[in-house]
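So the chains spell out like this:
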Amino acid sequence: MQDGKKILLCVTGSIAAYKSVVLLRFLIKQKAEVKVIMTNAATDFVTPLTFSTLSKNKVLTNLFENDSWENHVMLGRWADAIIIAPASCNTISKMAHGLCDNLLLAVYLSATASVIIAPAMDEDMWNHPATINNIQTLEERGHHVLKVNNGELASGLHGMGRMAEPEEILSFLDNFFENKMSLKGKKALVTAGPTYEAIDPVRFIGNHSSGKMGTALAKELAKRGAEVRLILGPTSTSVPEGVTVTNVVSADDMYKAVFDVFDECDIIVMAAAVADFTPNKPAKNKIKKETGALNISLAKTKDILVKAGELKSQNQILVGFALETENEKQNALKKLTAKKADMIVLNSLNDEGAGFGSSTNKITIFEKNGAEHVFDKKSKEEVAVDIVNAIVNYRNE
Ligand code: CTP
């Protein structure tokens, strides 16, 4: 139910604009407070009067009107959710590229609310590589892009590209608001990225982890209302908003940062690719090549997940990852038991589109209670949603 929810409905130029009238009616019936923004192109399809009558609010179209300026920053902050329905190919492209030539885009660029996009366009436009890239960019930003339907299109052709039906958008919103705050009051800890183990002041032993999976998880946990601390190894991946970050370099730094806060956390997700070995005695000064052949003696690092499994209380949920190249399931299950985790997320380097550097991942989740969930290859943001759903369900069992 949308009772009391503040929704900014943004309508762009597409024949599907008529469906947004129905969506608005549903939202108002469910006692949501709705403000409507229309692009100029949208007003060619449906009149602003229809939306203003139903929403009981003035419809906003321009950044300036006579002498007054529309406060786009406050509009984006006012809303609990911004729904762009229909989102035309043109508006999707402008959003992906950060253009700002109308009120809708100015609101989008200054918004702090969650963004939900219901695309509508012809099938060829929908399948164009430019659109595919734009949609991927928007999903990577954490926006929710609703599925398009197959059916009759404005061109008269049949195919993919029809905007989701108002009922489907409404049901998405129901789930969205229910999920959104499901972790309110909970504290989550996420480790992400690689660790660098110093050989000397300029060289290190590291790995290819980008930290993308862990940061996507931190973002998703924060979206659901959790207070999130991300312990992040050296990476250029950008840090999600609303997440407190502790930057670390080595496995030992990460170990200390985790156990500084471990006791107060309800959910602990270890997505970092922690180095298993570290040079015994890093050289104080740069090692010169005249030294000749170099043998570095390595010591095992402390396993953070193992320690967390030992210390974990009944009320804490501990999630580990397993990156495998062979005997995947067997190795993942071994880690689940040996490290006393509640769940292990397996990704195999043998699966195309999984693992380091990639923007996608393909996972299987193994739970302590024997459950096994296999997922398709998805963007790391979508994978984060699946993992957090599994955590929420596990908590509720
Ligand atoms: N992990 C950890 N501390 C370490 C090593 C690993 O906390 N020193 C955690 C990782 O964050 C991950 C899980 O343990 O959640 C499994 O990591 P992985 O690299 O797949 O396995 P390892 O335990 O290192 O074993 P191996 O390299 O032999 O597969």
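Here the structure is shown first, and the text comes after it.
**Student:** Please explain the site of the ligand as it appears in this structure.
**Tutor:** Taken together, 16 residues lie around the ligand, and Met-270, Ala-272, Phe-321, Lys-335 and Lys-339 are the ones closest in. Leu-323 is positioned such that a nitrogen or oxygen atom in its backbone is 3.1 Å from an oxygen atom of the ligand. In the complex, 77% of the free accessible area of the ligand, which totals 570 Å², lies under the protein chains. Counting residues per element, the ones that place at least two in the shell around the ligand are α11 (304-311) and β18 (317-324). Element by element, the count of residues in the shell around the ligand is highest for β18, at 4 residues. Split by residue class, the shell around the ligand holds 9 nonpolar, 2 polar and 5 charged.

**Student:** Would you mind showing me how to read the packing of helix α4 (residues 89-97) against helix α7 (residues 129-140) here?
**Tutor:** If you want to describe how two helices pack, look at the angle between their axes and the distance between the axes. Across the interface, α4 lies against α7 with an axial gap of 9 Å and an inter-helix angle of 55 degrees. Here α4 is positioned oblique relative to α7, judged by the angle of their axes. Between α4 and α7 lies a crossing whose hand is left-handed. Mapping the contact onto sequence places Cys-89, Ile-92, Ser-93, Met-95, Ala-96 and His-97 in α4 and Thr-131, Asn-134, Ile-135, Thr-137 and Leu-138 in α7. Classifying every residue of the contact of α4 with α7 by side-chain character gives 6 nonpolar, 5 polar and no charged.

**Student:** Would you mind going over the environment of Ile-317 with me for this structure?
**Tutor:** Locating Ile-317 in the fold gives a position in strand β18. Sequence separation of Ile-317 and Lys-334 is 17 residues, and the distance between their C-alpha atoms is 18 Å. Beyond its immediate chain neighbours, meaning those up to four positions away, Ile-317 contacts Asp-266, Ile-267, Ile-268, Asp-342, Ile-391, Tyr-394 and Arg-395.

**Student:** Quick question: what am I supposed to make of the nonpolar core here?
**Tutor:** Generally speaking, soluble globular proteins have nonpolar side chains that are buried together. Of all hydrophobic cores here, the largest spans 33 residues; its most connected members are Leu-217, Leu-221, Val-269 and Ile-387. Mapped onto this core, the elements with two or more residues apiece are β10 (187-192), α9 (212-223), β13 (227-232), β15 (267-270), β18, β19 (343-348), β21 (363-367) and α13 (380-396). No other element matches α13, which puts 8 residues into this core. Each residue touching Ile-387, except ones within four places of it in the same chain, is listed here: Met-213, Leu-217, Phe-321, Val-345, Ile-363 and Ile-365. Formed by 31 residues, the second largest nonpolar core is a distinct cluster that contains Leu-23, Leu-24, Met-38 and Phe-176.

**Student:** Sorry, what's going on with the sheet that holds strand β2 (residues 33-38) here?
**Tutor:** The strands making up a sheet associate through hydrogen bonds between their backbones, and the pairing can be parallel or antiparallel. Spatial ordering of the open sheet is given by β2-β1-β5-β6-β7, a layout of 5 strands whose pairing is parallel. The open sheet has two edge strands, β2 and β7 (144-145), and neither has a second partner. The sheet contact formed by strand β1 (residues 6-11) and strand β5 (residues 81-87) spans 4 bridges and is parallel. In the strand pairing of β5, Leu-8 is matched with Ile-82. Lying over the sheet, α4 contacts β5 and β6 (114-119), oriented at roughly 145 degrees with respect to β6.

**Student:** Can you help me understand unusual backbone geometry in this one?
**Tutor:** Peptide bonds are, in most cases, trans, and in most cases residues other than glycine have a negative phi. With an omega of -5 degrees, the peptide bond between Ala-85 and Pro-86 qualifies as cis. Relative to the helices and strands, Pro-86 is located in strand β5. One non-glycine residue, Lys-31, adopts positive backbone phi at about 70 degrees. Here Lys-31 shows up in the loop between α1 (17-29) and β2. At Lys-340, a position not held by glycine, the phi torsion is positive, near 55 degrees. Owing to a relative accessible area of 48%, Lys-340 belongs among the partly exposed residues under this scheme.

**Student:** Explanation requested: the sheet that holds β21 in the structure shown.
**Tutor:** Strand order in this open sheet of 8 strands is β14-β13-β10-β15-β18-β19-β21-β22, and the pairing throughout is mixed. Edge positions in the sheet fall to β14 (243-247) and β22 (372-374), since each of these pairs with one other strand and no more. Neighbour to neighbour, the strand axes of the sheet diverge by 15 degrees on average, direction disregarded. Bridge count for β19 against β21 is 5 bridges, and the pairing is antiparallel. Bridged to Leu-346 within β21 is Thr-364. Relative to the sheet, α11 contacts β15, β18 and β19, its axis offset from that of β18 by approximately 155 degrees.

**Student:** Quick question: what am I supposed to make of the packing of helix α10 (residues 251-261) against α11 here?
**Tutor:** For the pair α10 and α11, the least separation of the axes is 10 Å and the interaxial angle reads 20 degrees. Compared by their axis directions, α10 and α11 come out roughly parallel. The two elements α10 and α11 cross, and the hand of that crossing is right-handed. Two secondary-structure elements touch here, α10 through Ala-251, Met-254, Tyr-255, Val-258 and Phe-259 and α11 through Ile-304, Lys-307, Ala-308 and Leu-311. Taken together, the residues of the contact of α10 with α11 sort by class into 8 nonpolar, no polar and 1 charged.

**Student:** Looking at this structure, how should I read the environment of Gly-185?
**Tutor:** By secondary structure assignment, the location of Gly-185 is in the loop between α8 (166-180) and β10. Given a relative accessible area of 69%, Gly-185 falls into the exposed group.

**Student:** Got a minute to help me understand helix α12 (residues 328-338) in this structure?
**Tutor:** Think of an α-helix as turning once every 3.6 residues; residues three or four places apart then point the same way. Within α12, burial applies to Asn-331, Ala-332 and Leu-336. Along the long axis of α12, the arc covered by the buried residues comes to 145 degrees, so they all point the same way. Facing away from the buried side of α12 by over 90 degrees, the exposed positions are Gln-330, Lys-334, Thr-337 and Ala-338. At its buried positions, α12 is contacted by β18, β19 and β21.

Definitions and limits used
Residues numbered from 1 in each chain as written. Predicted model: local features only at pLDDT ≥ 70, side-chain atom pairs only at ≥ 80, totals over all residues. Heavy atoms only, no water. Near = heavy atom within 4 Å. Polar contact = N/O pair within 3.5 Å; in protein donor to acceptor, adjacent residues only side chain to side chain. Areas by Shrake-Rupley, 256 points an atom, 1.4 Å probe, with all protein chains shown as cover. Helix = DSSP H or I, 4+ residues; strand = E, 2+ residues; numbered from the N terminus. Nonpolar A, V, L, I, M, F, W, Y, C, P; charged D, E, K, R; others polar. Axes fitted to C-alpha atoms, helices over the stretch in contact; angles between N-to-C directions. Parallel < 35°, antiparallel > 145°, perpendicular 65-115°, else oblique. Left-handed = near helix turned anticlockwise from the far one by under 90°. Contact = heavy atoms within 4.5 Å. Core = buried A, V, L, I, M, F, W, Y, C linked by side-chain atoms within 4.5 Å. Buried < 20%, exposed > 50% of the residue type's maximum accessible area, 1.4 Å probe, protein only. Pairing = 2+ DSSP bridges. Arc of directions from axis to C-beta.

So far we have only geometry, and geometry alone does not tell us how the molecule works.
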